[in-house]
Amino acid sequence: KKGGGRKGGGKKATKKAAPKKKPAKKSKKSTSSGDGVEGKTFCVTGTLSKPRAKIQALIINAGGEVKSGVSKALDVLVAGADGGSKLAKAESYGIEIWDEDQLMENLGADMEEEEEEAKPKKKPAKKPA
């Protein structure tokens, strides 16, 4: 018999044919600044120089999402002094950890982009005829 009596040329479908997986995430171990916060998930822990609610609002306004706990789905943990169990858990998961300065640098990168987009483009002055 040719093809073993199966449809599709006799080849058996294999599990290697595009298994459905979660989309690949960017490397969590990246420590480079300037990646911004847009589209990333954050958790804030420890003692910070600004109120936690204000830091969370800055993240949200820049397009990030704030979570209350640490999970493997988290992108970045923002850790102040005394990060505690959340810091330990994030380290065990290999989650990227930023201090407050790194967060502000990345927020600055996002805010600069937003400011450029928000600025009205100047039209050239018309010369009188």
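Structure shown above.
Residues numbered from 1 in each chain as written. Predicted model: local features only at pLDDT ≥ 70, side-chain atom pairs only at ≥ 80, totals over all residues. Heavy atoms only, no water.

A. Representation of the overall build of the protein within the structure. Per the secondary structure count, the protein includes three helices and four strands. For the protein, with 129 residues in total, the buried portion stands at 28%. For the protein, the share of sequence-separated contacts (at least 6 apart) that also reach a separation of at least 24 residues comes to 66%. Here the protein has roughly 9,900 Å² of accessible surface; of this, 53% comes from carbon and sulfur atoms. (Helix = DSSP H or I, 4+ residues; strand = E, 2+ residues; numbered from the N terminus. Buried < 20%, exposed > 50% of the residue type's maximum accessible area, 1.4 Å probe, protein only. Contact = heavy atoms within 4.5 Å. Areas by Shrake-Rupley, 256 points an atom, 1.4 Å probe, with all protein chains shown as cover.)

B. Representation of the pattern of salt bridges within the structure. Counted under the stated rule, the structure contains one salt bridge. One salt bridge connects Glu65 with Lys67, and the closest N-O pair in it is separated by 2.9 Å. Note on Glu65: relative accessible area 40%, which makes it partly exposed. (Salt bridge = Lys/Arg side-chain N within 4 Å of Asp/Glu carboxyl O.)

C. Quick peek at the environment of Met104. Relative to the helices and strands, Met104 resides in helix 3 (residues 100-118). Overall, Met104 belongs to the partly exposed group, its relative accessible area being 25%. Residues Met104 and Val37, 67 residues apart in the sequence, show an inter-C-alpha distance of 10.0 Å. When sequence neighbours within four positions are dropped, the list of residues in contact with Met104 reads Lys50 and Leu58.

D. Structural detail: helix 1 (residues 52-61). Of the residues making up helix 1, those classed as buried are Ile55, Leu58 and Ile59. For helix 1, the arc enclosing every buried residue in end-on projection is 100 degrees, short of the 170-degree limit, so these residues lie on one face. Counted as exposed and oriented over 90 degrees from the buried face of helix 1: Ala53 and Asn61. Among the residues trailing helix 1, Gly63 stands out with phi positive, at a value near 95 degrees. (Arc of directions from axis to C-beta.)

E. Expanded view of the nonpolar core. Of all hydrophobic cores here, the largest spans 13 residues; its most connected members are Val37, Phe42 and Leu103. Per-element accounting of this core gives the leading share, three residues, to helix 1. The residues touching Leu103, leaving out its near neighbours within four places in the chain, are Val37, Phe42, Ile55, Ile59, Val78 and Trp98. Counting seven residues, the second-largest nonpolar core is a separate cluster that includes Cys43, Leu77, Ala79 and Ala90. (Core = buried A, V, L, I, M, F, W, Y, C linked by side-chain atoms within 4.5 Å.)

F. Region of the structure containing the side chain of Asp75. Within the fold, Asp75 resides in the loop between strand 2 (65-66) and strand 3 (76-79). At 2.9 Å, the side chain of Asp75 and the backbone nitrogen of Thr41 are in polar contact. (Polar contact = N/O pair within 3.5 Å; in protein donor to acceptor, adjacent residues only side chain to side chain.)

G. Geometry of the sheet that holds strand 3. Strand order in the open sheet made by the four strands is 2-1-3-4, with parallel pairing throughout. Two strands in the sheet have a free side with no partner beyond their single neighbour: strand 2 and strand 4 (96-98). Sheet topology note: the strand 1 (residues 41-45)/strand 3 ladder contains four bridges and is parallel. Of the residues in strand 3, the one forming a bridge with Thr45 is Ala79. In the packing of helix 2 (residues 84-93) onto the sheet, the strands contacted are strand 1, strand 3 and strand 4, and the crossing angle to strand 3 comes to about 145 degrees. (Pairing = 2+ DSSP bridges. Axes fitted to C-alpha atoms, helices over the stretch in contact; angles between N-to-C directions.)

H. Representation of the pairing of strand 1 in the model. Counting buried positions along strand 1 gives five out of five residues, so the element sits mostly inside the fold. By the alternation rule, side chains of strand 1 split into Thr41, Cys43 and Thr45 and Phe42 and Val44, which are all buried. Note that strand 1 and strand 2 share two bridges and pair parallel. Each bridged residue has a counterpart across the sheet, and for Thr41 the counterpart in strand 2 is Glu65. Since strand 1 and strand 2 lie parallel, the crossover through helix 1 that links them has a hand, and here it is right-handed. (Right-handed = clockwise from strand over helix to strand, strands pointing away.)

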